[in-house]
Amino acid sequence: MNFKKINNLSGWIVFAIAFIVYLTTMERTVSFWDCGEFLSTAYRLEVGHSPGAPLFMLLGRLFGMFAAPTQVAAWINSLSALTSGLTILFLFWTITHFAHKLLVKEGEELTPSRLVAIIGSGAVGALAYTFSDTFWFSAVEAEVYATSSFFTAIVFWAILKWEHHADAPHADRWLILISYLMGLSIGVHLLNLLTLPALAMVYYFRRYKVTLTGGIIAFVLGCVLLGSVQVGLIQGIPILASKFELLFVNSFGLPLDSGALFFVLLLAAVLVFIIRWARKKGKYLLHVSMLCIVFALIGYSSYVCIIIRSRANVPIDMTNPDDVLSLLSYLQRDQYGEQPLLFGPDYNSEPTGAGKSKPVYAERTDDAGKTRYELIGTRYSGYEYPSDQMRFFPRIYDAGHASFYKNYLQLGEDERASASQNYAFFFRYQLNWMWWRYFMWNYAGRENDFAGTSYGEPQNGNWISGIGAVDKMFGRGDINQLPEYYKHNRARNQYYLLPFILGILGLVYQFNRDKRDGIVLGLLFFFTGIAIVLYLNNTPQQPRERDYAYAGATYAFAVWIGLGVLMVTGWLRKGLKRGVTAPALATALCLIAVPFLMAKENWDDHDRSRKTLARSTAYNVLSSCDSNAILFTVGDNDTYPLWYMQEIEGYRTDVRIINLSLLGIDWYIDQLNYKINKADAVPMIWKPKDYEAEKRNVVVYQKLPGVPQDRYIDLEQVLKFTVSDDPQTQVQSRSGDSYNILPTKNVSIKVDKDAVLRNGLVSPADSAKISGEILFTLPKDQLYKPDLGILNIVAGVARDGWKRPIYFSAGFPGGGDFQGLDEYIQLEGLANKLVPIRVQNSSPESGAPQMANTGKSLDLYLNKFLWGGTEQKNIYFDEKNKAMLMTYRLSGAKVADALVREGRKADAIQLLDKITQNITYESYQYDQTMWSVVAAYYQAGAPDKARKLADIIVRDSKQMIAYIATLKSDDARGLAISVDGKPSLGAMQYMAQVAQQSGDNASAQKWNKDLQDGARLLGIPLQ
């Protein structure tokens, strides 16, 4: 039989299934997280966050260049669908390769029975991965992980092709192809490099006589090869190029790029010489190795476009890598810092000084027009610690998560963690919660999409099987007692452990019959799973689930799932006649039990075809801003969809978006000095010398003689004081760092009333309310560079005559992040506007502005806002989507309260109706964000509508209490601690209080009774 033709045809059929599934369920527009950034940088060939993805950017440009602006996202998303489908194709061929080796020995005939078993194993394993949770999520959005998985799949398949043809002439061209593909993959993501140890073992097993010592040496060399590519190729070559560049430009006085170009030519000459010499002398292995290096470098050369596009000063220019020196910083991810791996401190270790230093250079042109690199400062990496406060294998190192470590490990305030507690965190949190849980999501089942914190929350984000006895054994309690929004959470997927069991069968089957291939696949599984856990050394409370980082491990396990069909076939053959019956039946049973079940369970939470929330939210936020506005945003989801709307759809390009996560970095502050699209440069008090490199990373409040603390001092004067280089204005920390002093926390900003009215910052109707001076108190004793950046921009706008309105996105965290300006914040739709009008009854402790532009906000909510599908009941929104929806409810309730204060109760009810109708319970459950809507309904004189919503909140609270009662006492206690204020009881208590204050005594009595019953059931005394 022609196995090759059948195998190829079957693979393409499986590819077609996967590709159609992904195209059908693909999001048609921008998604949250990095997708908005990747879409923008791909479509306009801009520079994304380090270490960059230039090849993905170029491929995305190819897919999006012929589409209309509103269709660009769909076309680039289809790139992920295509590469994901191709990943499934190569996975199928990988599985059939292993299955063929297991069933058909050299010289044996391929019988129809064996053929069916081989093709069946490929189909089951490939389709299981097709419908797996993590891979499907990445396949339907514009992220690098789908394309990265494709490179992993094709590289691993290629080494198997080499293995199959290793004795044929010119077989080693497969090794050169692999090197080229790996070089290309660096321009997408680095995960593909983790296949190198497995590839090294394939090469060793095929080319050398196998011994234990030889196997160990081959494994070590594979790890060395991985490190050599990561350090030597990716970073080492730019490091050498930067040394030449500094020498040629600064020492020899030659033009920019001369040193880097010379180095490239020198490197090419050396490689050509070695290749020719090796060929002439018959050094075959050296010859092939050099060719592999050359082709890896050719693939890696996609990074040249990063420098080219950065020099064009494109609107998104992360890290500004426009020369080889800044490219090195870009590749080394300097802006993200680094985590300790083998030796390091604990979170409460006391530093003795600054850590490793790195010089920072910038291009400077002198009066004669000659450009050189000028040393502008030093960038430090971490701190130095005394040896007795360092430990081997540090896992609890981040001071920013001190409270979590203490609670998790039950440490006292000043108690040092023991070695066993350090390892406990590694095994229980990093290995179990941050890897094993994700793995089991894919092949056992997932509880829901609520993010847990790994302790005391048995109802949030765990893996489950759907087998009651198993789930109770792992402390999940009776999950059928959970509230409706938990029980019917679309991310609750139950596979009854069937994919996991089939994979274990395949693992056992392979290791029993071919240990070498088992070791190869095991290494792929280890290095794309546990090894990543070791390397990332994740801190707790990540902003999102990180399962995408371990897609390679789930890929490797899918191979074993496919091979598990062979084990099932063997069992069935014992009771069936010879022929194709057993493998056909095994294939059918496994298809139904694994991929079909996974598709059924996962479809509803992976179908994004009708969801447009990210685009809608970006549109709504930008629509909330006045012309030529400055808008402060926080984090990825608050920023990247807005970039997409501006860079691709061209909407509201006059708004200057400033991401506070980047405002603490000098290159980003530099870029604020230039016009982008239609948005003018941002006025600031700072000059480049004030914020370059590490300058002004933090200033510390300290009283100074002669500076009155009971007076308000002009903000511009205070800021100028904080940039002084006079030692008298600085203080030294215990670690040896010098910080500028903040001499007062009471500051003022002068207000030109005529300018404010002339520029439309305040309407003429409110002219009498305008304050002649903005007086506020800075809430922090330490101001970091982003804080100082905000104050510099506010002072700059004031000095510039208030020509630009300043907004903070409504998703802005509370209190201190307004820098004490809370009483001057006015809510407008989904944005908070800084206005020179003071409202005494603001709530600084919550950061909740009580002042609202009711006319503009009402019009936005009723007539202009888009809802992204939340008005429907059958579209899935995960927890992070819901986090974006919080703002709609909370801000809408504040506007409704303001309308009530103005006597416009009918308008308030209309606004609240709009919110409740357009954000359905099915889209976003009634959590504590709905409490404010209930209270607003009562205030607006609509008690029936308030009661209807409150009854649902109380119903869910009672169900949560019933669930807590099914837990062990320790788990129940942990649940009460881990969620602030015992929300189930708190909800009923709050509803009763609001009802009583509003005169709805009957409802108040009913909910108070529920409160008492719930507290009695949990054994929690009420005050």
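Model, not experiment: these values are computed from the prediction.

(A) View of the overall build of the protein chain. Secondary structure summary: the protein chain contains 38 helices and 19 strands in total. The C-alpha radius of gyration computed for the protein chain amounts to 31 Å, which stays within 12% of the reference 31 Å derived for 1023 residues, consistent with globular compactness. With the principal axes as the frame, the protein chain shows a C-alpha extent of 95 × 80 × 60 Å. Here the protein chain, with 1023 residues, has 59% of them falling under the buried criterion. For the protein chain, the proportion of contacts with a sequence separation of at least 24, taken over those separated by at least 6, is 75%. Of the roughly 42000 Å² of accessible surface on the protein chain, a fraction of 57% belongs to carbon and sulfur atoms. For the protein chain, the distance from the average site of its 100 positive side-chain charges to the average site of its 95 negative ones is 7 Å.

(B) A look at unusual backbone geometry. The linkage connecting serine 50 with the following residue, proline 51, adopts the cis geometry, with an omega of 5 degrees. Mapped onto the elements of the fold, proline 51 is located in the loop between helix H2 (35-43) and helix H3 (54-64). Of note in the backbone geometry, glutamine 410 takes a positive phi value of approximately 55 degrees without being a glycine. By secondary structure assignment, the location of glutamine 410 is in the loop between helix H15 (402-409) and helix H16 (419-443). Residues other than glycine seldom take positive phi values, yet arginine 652 does so here, at roughly 50 degrees. Take arginine 652: it is sitting in the loop between helix H25 (635-647) and strand E8 (656-659). For arginine 652, a relative accessible area of 16% gives the class buried.

(C) Structural context of the sheet that holds strand E11 (residues 730-732). One open sheet holds the 4 strands; their spatial order is E11-E12-E9-E15, and the pairing between them is mixed. Either end of the sheet is taken by a strand with one partner, and the two such strands are E11 and strand E15 (782-784). Each strand axis lies, on average, 40 degrees off the axis of its neighbour in the sheet, ignoring direction. Taken together, the 3 bridges between strand E9 (residues 698-701) and strand E12 (residues 738-742) define a ladder with parallel strand orientation. Paired with valine 700 across the bridge in E12 is isoleucine 741. Lying over the sheet, helix H30 (residues 785-799) contacts E9 and E15, oriented at roughly 80 degrees with respect to E15.

(D) Expanded view of the nonpolar core. Grouped together as the largest cluster of nonpolar side chains are 163 residues, with contacts concentrated most on Tyr22, Tyr129, Phe156, Ile159, Tyr443 and Leu563. The element best represented in this core is helix H4 (residues 72-103), accounting for 15 residues. Once residues within four sequence positions are removed from consideration, tyrosine 22 is found in contact with Ala81, Ser84, Gly85, Ile88, Tyr129, Thr130, Phe135, Trp136, Ala139 and Val140. Phe32, Ile665, Ala798 and Ala936 belong to the second largest nonpolar core, which has 153 residues in total.

(E) Geometry of the packing of H4 against helix H7 (residues 144-165). Where H4 meets H7, the closest approach of the two axes is 8 Å, and the angle between their N-to-C directions is 30 degrees. As far as their axial angle goes, H7 and H4 are roughly parallel. As for the relative orientation of H4 and H7, their crossing is left-handed in sense. Residue-level contacts link Ser80, Thr83, Ser84, Leu86, Thr87, Phe90, Trp93, Thr94, His97, Phe98 and Lys101 of H4 to Ala146, Thr147, Ser149, Phe150, Ala153, Ile154, Phe156, Trp157, Leu160, Glu163 and His164 of H7. Among the residues forming the contact of H4 with H7, the class breakdown is 11 nonpolar, 9 polar and 2 charged.

(F) Up close: the pairing of E8. Judged by which residues are buried, E8 turns out to be covered on both faces: Arg656 and Ile658 on one side and Ile657 and Asn659 on the other are all buried. Pairing between strand E7 (residues 630-633) and E8: 4 bridges, direction parallel. By the bridge assignment for E8, threonine 633 is matched with asparagine 659.

(G) Focus on the pairing of E9. Here 3 bridges tie E9 to E15, and the two strands are oriented antiparallel to one another. Note that in E15 the partner of valine 700 across the bridge is glutamine 782.

(H) Main features of a nonpolar patch on the surface. On the surface, a nonpolar cluster with roughly 880 Å² of combined accessible area is contributed by Leu341, Leu342, Phe343, Met390, Phe392, Tyr423, Phe427, Tyr535 and Leu536. Broken down by secondary-structure element, the contributors of at least two residues to the nonpolar patch are strand E4 (390-392), H16 and helix H21 (530-536). Looking at the secondary structure, you find tyrosine 423 in helix H16.

(I) Here's a closer look at the pattern of salt bridges. One pass over the full model with this rule turns up 47 salt bridges. Put simply, glutamate 828 and lysine 833 hold a salt bridge, and the shortest N to O gap is 3.9 Å. Accessibility classification places glutamate 828 together with lysine 833 in one group, the buried group. Among the charged side chains, a network of salt bridges with common partners joins Asp626, Glu828, Lys833 and Lys856.

(J) Looking closely at the confidence of the model for the protein chain. Taken as a whole, the protein chain shows an average pLDDT of 90; of its residues, 96% reach a score of 70 or greater. The least confident element of the protein chain is helix H36 (residues 969-978), whose mean pLDDT is 48; the most confident is H4, at 97. Considering only residues more than four positions removed or in separate chains, one finds that residues 842-849, a stretch of pLDDT under 50, has 18 contacts. Within the model, the stretch residues 976-981 combines pLDDT values under 50 with 5 contacts to residues more than four positions away or in other chains.

(K) Highlighting helix H32 (residues 879-901). For H32, spanning 23 residues, the distance from its first C-alpha to its last is 33 Å, which sits close to the expected 33 Å at 1.5 Å a residue. The axis of H32 is deflected most strongly, by about 25 degrees, at leucine 885. Of the residues flanking the start of H32, the one acting as N-cap is aspartate 878, its side-chain oxygen 3.1 Å from the backbone nitrogen of lysine 880. Two residues or fewer past H32, glycine 903 is found with a positive phi of approximately 80 degrees.

(L) Fine view of the side chain of asparagine 462. Of note, asparagine 462 is situated in the loop between strand E5 (445-446) and helix H17 (468-473). The exposure class assigned to asparagine 462 is buried, which follows from its relative accessible area of 8%. Excluding its chain neighbours within four sequence positions, the residues that come into contact with asparagine 462 are Trp433, Arg437, Trp441, Arg446, Glu447, Glu457 and Arg476.

(M) Local environment of H30. Given a rise of 1.5 Å per residue, 15 residues ought to cover 21 Å, and the 20 Å separating the end C-alpha atoms of H30 matches this to within 8%. Burial analysis of H30 places 13 of its 15 residues in the buried class, which makes it a mostly covered element. Just downstream of H30, glycine 801 is the residue with a positive phi angle, here 90 degrees.

(N) Geometry of the environment of valine 698. Tracing the backbone through its elements, the reader meets valine 698 in strand E9. Here the alpha-carbon distance between valine 698 and glutamine 782, two residues 84 residues apart in the chain, equals 6.6 Å.

(O) Quick peek at the side chain of serine 616. The topology assignment puts serine 616 in helix H24 (residues 613-623). In this structure the side chain of serine 616 is engaged in a polar contact, spanning 3.2 Å, whose partner is the backbone nitrogen of glycine 868. In contact with serine 616, not counting residues within four places along its chain, are Leu866, Trp867, Gly868 and Tyr888.

(P) Highlighting the sheet that holds strand E13 (residues 746-750). Strands sit in the order E10-E13-E14 across an open sheet of 3 strands; the sheet is mixed. Both edges of this open sheet fall to strand E10 (713-714) and strand E14 (773-777), since each of them pairs with a single strand only. By the bridge criterion, 5 bridges tie E13 to E14 in an arrangement that is antiparallel. For asparagine 746, the partnering residue across the bridge sits in E14 and is threonine 777.

(Q) Molecular detail of the packing of aromatic side chains. Going through the model one piece at a time under the given rule, you end up with 74 aromatic pairs. Ring geometry for phenylalanine 38 versus phenylalanine 56: centroids 5.6 Å apart, planes at 75 degrees, classification edge-to-face. Of this pair, phenylalanine 38 sits in helix H2 while phenylalanine 56 sits in helix H3, and the two are 18 residues apart along the sequence. Accessibility expressed as a relative area gives 1% for phenylalanine 56, which makes it buried. When the ring of tryptophan 436 is compared with that of phenylalanine 500, the centres are 6.0 Å apart and the planes differ by 85 degrees; the resulting orientation is edge-to-face. Linking tryptophan 436 in helix H16 with phenylalanine 500 in helix H19 (residues 498-513), this pair joins segments that are 64 residues apart in sequence. Residue classification places tryptophan 436 among the partly exposed positions, given a relative accessible area of 28%. Here the guanidinium or amino end of arginine 395 rests over the ring plane of phenylalanine 393, the centre of that ring lying 4.0 Å away. In this structure, arginine 608 packs its charged tip against the face of phenylalanine 137, placed 4.3 Å from the ring centre.

Thresholds, definitions, all that
- Residues numbered from 1 in each chain as written.
- Predicted model: local features only at pLDDT ≥ 70, side-chain atom pairs only at ≥ 80, totals over all residues.
- Heavy atoms only, no water.
- Helix = DSSP H or I, 4+ residues; strand = E, 2+ residues; numbered from the N terminus.
- Rg over C-alpha atoms; globule rule 2.2 N^0.38 Å.
- Buried < 20%, exposed > 50% of the residue type's maximum accessible area, 1.4 Å probe, protein only.
- Contact = heavy atoms within 4.5 Å.
- Areas by Shrake-Rupley, 256 points an atom, 1.4 Å probe, with all protein chains shown as cover.
- Lys, Arg positive; Asp, Glu negative; His and termini not counted.
- Charge placed at Lys NZ, Arg CZ, Asp CG, Glu CD.
- Pairing = 2+ DSSP bridges.
- Axes fitted to C-alpha atoms, helices over the stretch in contact; angles between N-to-C directions.
- Core = buried A, V, L, I, M, F, W, Y, C linked by side-chain atoms within 4.5 Å.
- Parallel < 35°, antiparallel > 145°, perpendicular 65-115°, else oblique.
- Left-handed = near helix turned anticlockwise from the far one by under 90°.
- Nonpolar A, V, L, I, M, F, W, Y, C, P; charged D, E, K, R; others polar.
- Patch = residues over 30% accessible without salt bridge, like charges linked within 9 Å, V, L, I, M, F, W, Y side chains within 5 Å.
- Salt bridge = Lys/Arg side-chain N within 4 Å of Asp/Glu carboxyl O.
- pLDDT = per-residue confidence, 0-100.
- Expected span 1.5 Å × (residues − 1).
- Bend = angle between axes of the 7 residues up to and from the residue.
- Polar contact = N/O pair within 3.5 Å; in protein donor to acceptor, adjacent residues only side chain to side chain.
- Phe/Tyr/Trp six-rings, centres within 6.5 Å; stacked < 30°, edge-to-face > 60°.
- Lys NZ or Arg CZ within 6 Å of the ring centre and 35° of its normal.

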